[in-house]
Amino acid sequence: MTIHIGANAGDIAETVLLPGDPYRAKWAAENFLEDAKLVNEVRGMLAFTGTYNGNPVTIHGSGMGMPSLSIYVNELIRDYEAKTLIRIGSCGGMQDHVGLRDVILAMTASSLSTPSRGIFKELNFAPCADWSLLRAAVAAAESKGTNTHVGGIYSSDVFYDERPDLNEQMVRHGILGVEMEAAELYNLAARHSIRALAVLTVSDHLGTGEALPSDQREKSFGDMVEIALEAAFA
Ligand code: HPA
């Protein structure tokens, strides 16, 4: 047990999928894992451990935003020895060619700030995905025929953004989408020499203002979960 995770030692697999929403962790575990068991519910942050094609996997909610994700990922790495961490989440599309339901594989994650800012000081560290996971996720997405984009994303600290000029610069520099967690996941993975990737489904679009109705989310979110699981065990 840790301060924020009630699981016993050995209850968490080396491979952990991290949706922001704890109920999405439950949904993904029920639909994609065999023998899934609840292993954490401290603060309602549900986590389940089961198997995928015989491989042990934990699906653990991360909460919204980098400070929340940082707490869980630190404890998963330090206390439960997680070695492969894959964020599965939604993002806002930023380029015209990125459509609703498309999947984005985040090669890099730009940010204004992260919880690691204090240790990096003046350094502009470039958080990036693990290459072996990224390559395997591209292959999995191609074999599923999912409309997929690979490139840079923006990890924002705010959902309700008051700086449209920043989004303009992100769009101008080819950033594919915006979410709120990946940059710190990549920072922590680099610091602890483990593998990380963010697999994201486009749930809304900043340019067009479109958003996926909740009843249409499941199928595209399912593609994202399968791509993450296939990549983890490629
Ligand atoms: N902004 C930030 N995070 C998000 C968004 C968004 O538009 N959509 C899904 N996650």
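The rules behind the values
Numbering of residues starts from 1 in every chain and runs along the sequence as written. pLDDT decides what is reported in this predicted model: residues at 70 or higher carry local features, side-chain atom pairs at 80 or more are listed and counted, and totals for whole chains, interfaces and linings draw on all residues regardless. Excluded from the side-chain calculations are hydrogens and water; all other atoms, namely the structure's heavy atoms, are used. The working definition used for a salt bridge is a side-chain nitrogen of Lys or Arg within 4 Å of a carboxyl oxygen of Asp or Glu. What counts as a helix is a DSSP run of H or I of at least four residues, what counts as a strand is a run of E of at least two, and both are numbered from the N terminus. Any residue under 20% of the maximum accessible area for its type is buried, any over 50% is exposed, and the rest in between are partly exposed; the area is computed with a 1.4 Å probe on protein chains only. For this analysis, a polar contact is any N or O atom pair within 3.5 Å, provided that within protein one partner can donate a hydrogen and the other can accept it, and provided that sequence-adjacent residues contribute only side-chain to side-chain pairs. In what follows, a contact means two residues having at least one pair of non-hydrogen atoms within 4.5 Å. Think of it this way: DSSP has to see at least two bridges between two strands before they count as a pair. In this description, the term disulfide denotes a pair of cysteine sulfurs within 2.5 Å.

(A) Seen up close, the pattern of salt bridges. On inspection of all chains with the given rule, the structure shows six salt bridges. Its salt-bridge partner being D223, residue K144 comes within 4.0 Å of it at the nearest N-O pair. Remark: D223 occurs in helix α7 (residues 217-232) and K144 occurs in helix α4 (residues 131-144); sequence separation between them is 79 residues. The residue D165 makes a salt bridge to R163 at a minimum N-O spacing of 2.9 Å. Among the residues examined, D165 registers a relative accessible area of 37% and is labelled partly exposed.

(B) Seen up close, the side chain of E181. Of note, E181 is situated in the loop between β8 (177-179) and α6 (182-191). In this structure the side chain of E181 is engaged in a polar contact, spanning 2.6 Å, whose partner is the backbone nitrogen of G65. Those residues within four positions of E181 in sequence are excluded, and the remaining contacts are S62, G63, M64, G65, M66, L69, R87 and S155.

(C) View of the pairing of strand β9 (residues 195-205). Of all 11 residues in β9, nine are buried, a share of seventy percent or more. Alignment of strand β5 (residues 84-93) against β9, held across 10 bridges, turns out to be parallel. Bridge pairing in β9 places C91 opposite V202. Sheet topology places strand β6 (residues 103-110) next to β9; three bridges connect them, and they run antiparallel. For I104, the partnering residue across the bridge sits in β9 and is L200.

(D) View of the pairing of strand β3 (residues 47-52). Where burial is concerned, most of β3 is hidden: five out of the six residues are buried. Taken together, the four bridges between strand β2 (residues 34-40) and β3 define a ladder with antiparallel strand orientation. Along β3, the bridge assignment pairs K37 with T49. Count of turn residues in the β2/β3 antiparallel hairpin: six residues, of which R43 carries a positive phi of about 55°. Pairing of β3 with strand β4 (residues 55-60), which is carried by six bridges, proceeds in the antiparallel orientation. Across the sheet, the residue bridging to Y52 is N55, located in β4. Between β3 and β4, which pair antiparallel and follow one another directly, the connecting turn spans two residues, one of which, N53, has a positive phi of 50°.

(E) Summary view of the state of the cysteines. All told, the structure shown has zero disulfides when counted by the stated rule. No disulfide involves C91; its sulfur sits 18 Å from that of C128, the nearest cysteine. The partly exposed category is assigned to C128, whose relative accessible area is 46%.

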